[in-house]
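# Structure assessment
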Amino acid sequence: MNTVWSSYIQSTGELYESRALRFDDSSKGLWLGALGARPGERLLEVGCGSGIFCHRVKSYLPDVSVTGIDLDDSHIAFAREKSDRLGLDCRFVVGDATALPFGDASFDLCFSHTVAEHIPHDAFFGEQRRVLRPGGRIVVFSVRTRLNIRSDDAMGDEEAALLEKAWKRASETSDLDDSFVGAYELSEHDYPRELEKYGFEDVSVRVFTVMDYAPDSSDVPREKALRQINCRRLGVLSSLEKALNICPDALSQAESGRLRELINARFDERIAKYERGEKLWDFSTSTVLAVSGVR
Ligand SMILES: C[S@@+](CC[C@H](N)C(=O)[O-])C[C@H]1O[C@@H](n2cnc3c(N)ncnc32)[C@H](O)[C@@H]1O
């Protein structure tokens with residue numbers, strides 16, 4: 001049972017909710033345009049996490065077949081359960097991107113979102129090339145963190161100090177090797193060359209920006225604005241839980257209770273301001289690089 005990613009790096013719930021907002025219907029055209037799936041094709045998402053991208057693609061394009069693979073058991077269990085609840089016919093597999101459990105030439109399109117950054121490229125691209133049929137396509141979505149915008153979170157001093165203490169203790173005591181996270185990230189200039197290096201042709205790039213968070217923006221309806229604020233809350237609460245997963249006594253019970261209270265109070269206040277019509281105009285964007293190539 002592998003739950004390294006969901007326990008220590010990004011929890012399943014946090015991943016699902018942040019992506020549900022990123023792959024929101026309002027940006028459907030951008031994602032589908034960059035994916036370029038055609039009717040009847042067999043699609044594989046590599047490193048599918050909690051499965052939301054697969055779910056979205058299958059609901060928009062019912063006649064493609066969609067398989068998602070991820071190393072993390074908890075992400076895949078969630079993705080399967082959600083598929084069943086949504087009545088979507090997606091297949092989810094626990095497995096390693098560096099040794100895909102699929103035959104040669106068994107897919108028409110392989111895609112991944114924020115995964116190439118964490119996996120050695122010879123195996124990552126080599127395996128996708130192997131499972132793609134000749135003429136099949138790869139699409140690599142990478143969020144260029146350097147190009148993102150994120151308004152400050154305005155965390156209070158006590159909250160910041162407790163969170164810092166938790167992470168300081170967690171990193172001092174941890175024997176978790178998370179050096180692979182982000183270890184293979186490339187610049188926007190290098191991704192296209194990397195695809196060519198691993199044997200893909202007709203490489204092309206699309207760049208677009210998605211608005212992950214903008215609750216005060218006039219085009220964001222109330223329900224979505226509240227989800228965005230609560231997603232940020234979940235991100236901070238998950239950060240604490242991850243530190244405690246790594247080092248259970250990083251904080252005393254009283255301290256971790258107090259920290260949860262402070263986090264919740266801050267986001268409750270953010271929602272109260274929203275409801276009162278008090279605008280903060282905070283927002284965050286993600287700049288997405290979609291690099292595609294043909295096998
Ligand atoms: C940043 S997350 C992205 C997840 C998903 N694509 C999304 O955007 O929501 C990276 C994912 O890669 C998965 N992963 C990391 N190494 C992997 C490997 N060798 N094989 C398969 N999945 C892997 C992690 O479990 C995690 O779900």
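First things first, this report covers the structure right here in the doc. (Residues numbered from 1 in each chain as written. Predicted model: local features only at pLDDT ≥ 70, side-chain atom pairs only at ≥ 80, totals over all residues. Heavy atoms only, no water.)

### A few points about the site of the ligand
Here is the rule: To be near a molecule or strand, a residue needs just one of its heavy atoms within 4 Å of it. Throughout this description, a polar contact denotes any pair of N or O atoms lying within 3.5 Å of each other; where both atoms belong to protein, one of them has to be capable of donating a hydrogen while the other can accept it, and for residues adjacent in sequence the pair is counted only when both atoms sit in side chains. Using a 1.4 Å probe, accessible areas were evaluated by the Shrake-Rupley method; residue-level cover was limited to the displayed protein chains. Lys, Arg, Asp and Glu make up the charged group, whereas Ala, Val, Leu, Ile, Met, Phe, Trp, Tyr, Cys and Pro make up the nonpolar group; the residues left over, Gly among them, are polar.
In the neighbourhood of the ligand, 20 residues make up the surrounding shell, with R19, G47, D70, A97 and H113 lying closest. In the environment of the ligand, a nitrogen atom lies 3.3 Å from a nitrogen or oxygen atom belonging to the backbone of L71. H113 places a polar side-chain atom, nitrogen or oxygen, 2.6 Å from an oxygen atom of the ligand. If the ligand stood free it would expose 590 Å²; the protein chains cover 95% of that surface. A class-by-class count of the residues in the shell around the ligand yields seven nonpolar, eight polar and five charged.

### Thoughts on the nonpolar core
Convention followed: Grouping buried Ala, Val, Leu, Ile, Met, Phe, Trp, Tyr and Cys residues that are joined through side-chain atoms within 4.5 Å yields what is termed a nonpolar core. The classification of residues rests on relative accessible area computed with a 1.4 Å probe and restricted to protein chains. Under 20% of the type maximum is buried, over 50% is exposed, and intermediate values are partly exposed. In this description a helix means any DSSP run of H or I spanning at least four residues, a strand means any run of E spanning at least two, and both kinds are numbered starting from the N terminus. Contacts were defined at the residue level, with two residues in contact if any of their heavy atoms lie within 4.5 Å.
Core analysis: the biggest nonpolar cluster contains 29 residues, and W31, L35, L43, F141 and F208 have the highest contact counts within it. For this core, the leading source of residues is helix α4 (residues 52-60), giving four residues. With near-sequence residues (within four places) excluded, F141 lies in contact with W31, A34, L35, F53, S112, H113, T114, F208, V288, L289 and A290. Judged by nonpolar contacts, the second largest core, of 25 residues, contains I69, F107, A116 and F125.

### Here we look at the packing of aromatic side chains
Put simply, the rule reads: Side-chain rings of Phe, Tyr and Trp (the six-membered ring for Trp) are treated as a pair once their centres are within 6.5 Å; stacked means planes under 30 degrees apart, edge-to-face means over 60, and tilted covers the remaining angles.
Summed over the entire model, instances satisfying the criterion amount to twelve aromatic pairs. Note on Y16 and F78: the rings are 5.0 Å apart at their centroids and 55° apart in plane angle, and the pair reads as tilted. Separated by 62 residues along the polypeptide, Y16 in helix α2 (residues 12-22) and F78 in helix α5 (residues 73-86) bring together distant segments of the chain. Taking the relative accessible area as the measure of exposure, Y16 reaches 10% and is therefore buried. Here F78 falls in the partly exposed class, since its relative accessible area comes to 25%.

### Points about helix α10 (residues 253-276)
Keep this limit in mind: One less than the residue count of a helix, multiplied by 1.5 Å, gives the span that helix is expected to have.
A rise of 1.5 Å per residue sets the reference length of α10, with its 24 residues, at 34 Å; its end C-alpha atoms lie 34 Å apart and thus fit the reference within 8%. When we look at burial in α10, the residues that qualify are S256, L259, L262, I263, R266, F267, R270, I271 and Y274. The inward-facing, buried residues of α10 contact α7 (157-173), β7 (201-213) and α9 (222-246). Positive phi appears at G277, one or two residues downstream of α10, with a value of about 80°.

### Digging into the pairing of strand β1 (residues 42-46)
Note the cut-off: Two strands are counted as paired when DSSP detects at least two bridges linking them. Note on handedness: a clockwise path from strand one over the helix to strand two, with the strands aimed away from the viewer, defines a right-handed crossover.
For β1, a buried count of four out of five residues is recorded, marking the element as mostly surrounded by other parts of the structure. Sheet topology note: the β1/strand β2 (residues 65-70) ladder contains five bridges and is parallel. Paired with L44 across the two strands is T67, which belongs to β2. As for the winding sense of the linkage, the β-α-β connection from β1 through α4 to β2 is right-handed. Relative to strand β4 (residues 107-113), β1 is paired through three bridges, and the arrangement is parallel. Looking at β4, one finds that E45 is bridged to F111.

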